[in-house]
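Geometric and topological summary
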Amino acid sequence: MYERMFRLANHETVTAHDGSEALAMLKDMKPLPDIILMDVAMPKMDGLELIEHLHTSEIVKGIPIMVLTNSIKQEDAGKFIECGATLYLIKMNHEPKEIVQKIEEIISNKK
């Protein structure tokens, strides 16, 4: 659903099915994305493991990271923000259109 919303808003998307696939894709990606959007719950490498790898990587330095999840654990949000997430949002609290708007704001503020 989110991928469709981003495409309808004229954003190009690239999808990885788990954290390890995302990490491998980012290492080879040219050009790099304007933003990284991730979930917390993913197979093989979860979102926290992925952001910890990204946090120490020069490859994605300066790329905003947005965590979009259904996890409502307050400590999760703190961990992600501490590791460099720009924004941590709970899916059920935001309409998909609002998520697209927040991403557009982050991208425009980056430029």
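Below, the structure is looked at part by part.

Conventions and cut-offs
Residues numbered from 1 in each chain as written. Predicted model: local features only at pLDDT ≥ 70, side-chain atom pairs only at ≥ 80, totals over all residues. Heavy atoms only, no water. Helix = DSSP H or I, 4+ residues; strand = E, 2+ residues; numbered from the N terminus. Rg over C-alpha atoms; globule rule 2.2 N^0.38 Å. Buried < 20%, exposed > 50% of the residue type's maximum accessible area, 1.4 Å probe, protein only. Contact = heavy atoms within 4.5 Å. Areas by Shrake-Rupley, 256 points an atom, 1.4 Å probe, with all protein chains shown as cover. Lys, Arg positive; Asp, Glu negative; His and termini not counted. Charge placed at Lys NZ, Arg CZ, Asp CG, Glu CD. Pairing = 2+ DSSP bridges. Right-handed = clockwise from strand over helix to strand, strands pointing away. Salt bridge = Lys/Arg side-chain N within 4 Å of Asp/Glu carboxyl O. Phe/Tyr/Trp six-rings, centres within 6.5 Å; stacked < 30°, edge-to-face > 60°.

**Thoughts on the overall build of the protein chain**
Each helix and strand counted, the protein chain has five helices and three strands in total. Going from the N terminus to the C terminus, the protein chain shows its helices and strands as α-α-β-α-β-α-β-α. The C-alpha atoms of the protein chain give a radius of gyration of 13 Å, which matches the 13 Å a tight globule of 111 residues would have. Overall, the protein chain is about 35 × 30 × 25 Å in size when its C-alpha atoms are taken along their principal axes. Burial analysis of the protein chain (111 residues in total) assigns 40% to the buried set. Residue pairs at least 24 apart in sequence account for 59% of intrachain contacts in the protein chain once pairs closer than 6 positions are excluded. When the accessible surface of the protein chain is summed, it comes to about 7,000 Å², and 52% of that surface belongs to carbon and sulfur atoms. Here the protein chain contributes 13 positive and 18 negative side-chain charges, whose respective centroids are spaced 3 Å apart.

**What about the pairing of strand β3 (residues 87–90)?**
Strand direction decides the pairing type here: strand β2 (residues 65–69) and β3, joined by four bridges, are parallel. Bridge pairing in β3 places Val67 opposite Tyr88. With helix α4 (residues 74–82) bridging β2 and the parallel β3, this β-α-β connection has right-handed handedness.

**Remarks on the pattern of salt bridges**
Counted according to the given criterion, the structure contains three salt bridges. The closest approach of N and O atoms between Glu3 and Arg7, which form a salt bridge, is 3.0 Å. With Glu3 and Arg7 both in helix α1 (residues 2–8), this residue pair falls four residues apart, about one helical turn. Asp18 serves as the salt-bridge partner of Lys44, at 4.0 Å between the closest nitrogen and oxygen. Residue Lys44 is located in the loop between β1 (36–38) and α3 (47–55), and its partner Asp18 is located in the loop between α1 and α2 (19–28); the two are separated by 26 residues in the primary sequence. For Lys44, a relative accessible area of 73% corresponds to the exposed category.

**What to know about the packing of aromatic side chains**
Going through the model one piece at a time under the given rule, you end up with one aromatic pair. With centroids separated by 5.7 Å and ring planes inclined at 45°, the aromatic side chains of Phe80 and Tyr88 adopt a geometry described as tilted.

**Structural notes on the environment of Leu8**
Summarising the element assignment, Leu8 is placed in helix α1. Among the residues examined, Leu8 registers a relative accessible area of 58% and is labelled exposed. Considering only alpha carbons, one finds Leu8 and Val100, 92 residues apart in sequence, at a separation of 9.9 Å.

**Comments concerning the environment of Leu37**
Position of Leu37 among the secondary structure elements: in strand β1. Put simply, Leu37 and Met5 are 32 residues apart on the chain and 13 Å apart in space, counted from C-alpha to C-alpha. Once residues within four sequence positions are removed from consideration, Leu37 is found in contact with Phe6, Met66, Leu68 and Ile103.

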